[in-house]
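Chain residues, written in single-letter form:
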Amino acid sequence: MPSFDTGPGNVLYLIVCAAPPAADTAELVKVKQNEGWDVCVIATEMALDWFDPEQVEALTGHEVRHQFRKPDEPSFEPLGNAVLVAPATFNTINKWALGINDSLALGLLNEALGRGVPTEVRPYLNDALASHPAYRQAVKLLTSSGVAFVS
């Protein structure tokens with residue numbers, strides 16, 4: 001990743017949203033593993049239909065998470081040292097910028113932002129959505145908070 005390296009820790013949270021590039025999640029995991037990352041995949045609920053979670057779990061050795069933990073379950077581990085959101089959808093980016101915490105993916109993104117965790121976003125949306133004023137404001141806010149947007 002151009003915006004950060006493995007630094008003091010090597011745990012990468014790969015947040016996957018529901019869009020066509022999610023079909024390549026297993027390949028992206030392999031690329032990041034070859035770069036030295038211990039990849040943990042967190043998917044939005046809808047993204048689970050776009051890739052094979054069992055294949056990804058076999059590659060990473062970690063469960064693909066998509067739901068908040070229950071009260072009797074341990075905290076989410078390992079803690080991420082960096083975050084990659086790929087693909088990132090209009091919905092997720094806008095909710096994240098507003099601090100909405102209604103999914104595990106958004107909860108972890110909000111916490112990462114608050115902790116200053118290096119985060120890279122690869123948006124996937126059409127030109128009409130990219131031109132929407134709410135999206136432009138969301139990108140501005142997240143960028144000013146240290147989030148790197150790349151194509």
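Residues numbered from 1 in each chain as written. Predicted model: local features only at pLDDT ≥ 70, side-chain atom pairs only at ≥ 80, totals over all residues. Heavy atoms only, no water.

1. A few points about the side chain of T89
Next, step 1: Secondary-structure assignment places T89 in the loop between strand 3 (82-88) and helix 3 (90-98).
Next, step 2: Residue classification places T89 among the buried positions, given a relative accessible area of 14%.
Next, step 3: Setting aside residues no more than four positions away along its own chain, T89 makes contact with C17, A18, A19 and Y124. (Helix = DSSP H or I, 4+ residues; strand = E, 2+ residues; numbered from the N terminus. Buried < 20%, exposed > 50% of the residue type's maximum accessible area, 1.4 Å probe, protein only. Contact = heavy atoms within 4.5 Å.)

2. Brief notes about the side chain of E120
Next, step 1: With respect to the helices, strands and loops of the structure, E120 is situated in strand 4 (residues 119-123).
Next, step 2: Within the structure, E120 has its side chain in polar contact with the side chain of R122 (distance 3.3 Å). (Polar contact = N/O pair within 3.5 Å; in protein donor to acceptor, adjacent residues only side chain to side chain.)

3. Here we look at the packing of helix 3 against helix 4 (residues 104-115)
In helix packing, the relevant descriptors are the interaxial angle and the interaxial distance, both defined with respect to the helix axes.
Next, step 1: Relative to each other, helix 3 and helix 4 sit at 45°, their axes nearing to 10 Å. In terms of orientation, helix 3 and helix 4 fall into the oblique class. Note that helix 3 runs across helix 4; the crossing there is right-handed. Note on element contacts: helix 4 touches helix 3 through L106, L109, N110 and L113, opposite T92, K95 and W96. (Axes fitted to C-alpha atoms, helices over the stretch in contact; angles between N-to-C directions. Parallel < 35°, antiparallel > 145°, perpendicular 65-115°, else oblique. Left-handed = near helix turned anticlockwise from the far one by under 90°.)

4. With respect to helix 3
Next, step 1: Where helix 3 is concerned, the buried positions are F90, T92, I93, N94, W96 and A97.
Next, step 2: Looking at the packing, one finds that the buried side of helix 3 touches strand 3, helix 4, strand 4, helix 5 (127-130), helix 6 (133-144) and strand 5 (148-149).
Next, step 3: One or two steps after helix 3, the chain reaches G99, where phi turns positive at roughly 80°.

5. What to know about the pairing of strand 1 (residues 11-16)
Next, step 1: Where burial is concerned, most of strand 1 is hidden: 6 out of the 6 residues are buried.
Next, step 2: The two faces of strand 1 match: V11, Y13 and I15 on one face and L12, L14 and V16 on the other face are all buried.
Next, step 3: Pairing analysis gives 6 bridges linking strand 1 to strand 2 (residues 38-43), with the strands arranged parallel. Paired with V16 across the bridge in strand 2 is A43.
Next, step 4: In terms of handedness, the path from strand 1 via helix 1 (residues 25-34) over to strand 2 forms a crossover that is right-handed. (Pairing = 2+ DSSP bridges. Right-handed = clockwise from strand over helix to strand, strands pointing away.)

6. Quick word on the environment of A130
Next, step 1: Looking at the secondary structure, you find A130 in helix 5.
Next, step 2: Between the C-alpha atoms of A130 and N91, which are 39 residues apart in sequence, the distance is 11 Å.
Next, step 3: The residues touching A130, leaving out its near neighbours within four places in the chain, are L125, Y135 and R136.

7. Digging into the sheet that holds strand 1
Next, step 1: The 5 strands lie next to each other as 2-1-3-4-5, forming an open sheet whose pairing is parallel. The open sheet has two edge strands with one neighbour each: strand 2 and strand 5.
Next, step 2: Pairing of strand 4 with strand 5 involves 2 bridges; the strand directions are parallel. For E120, the partnering residue across the bridge sits in strand 5 and is A148.
Next, step 3: The sheet strands contacting helix 3 are strand 3, strand 4 and strand 5, and the helix crosses strand 4 at an angle near 140°.

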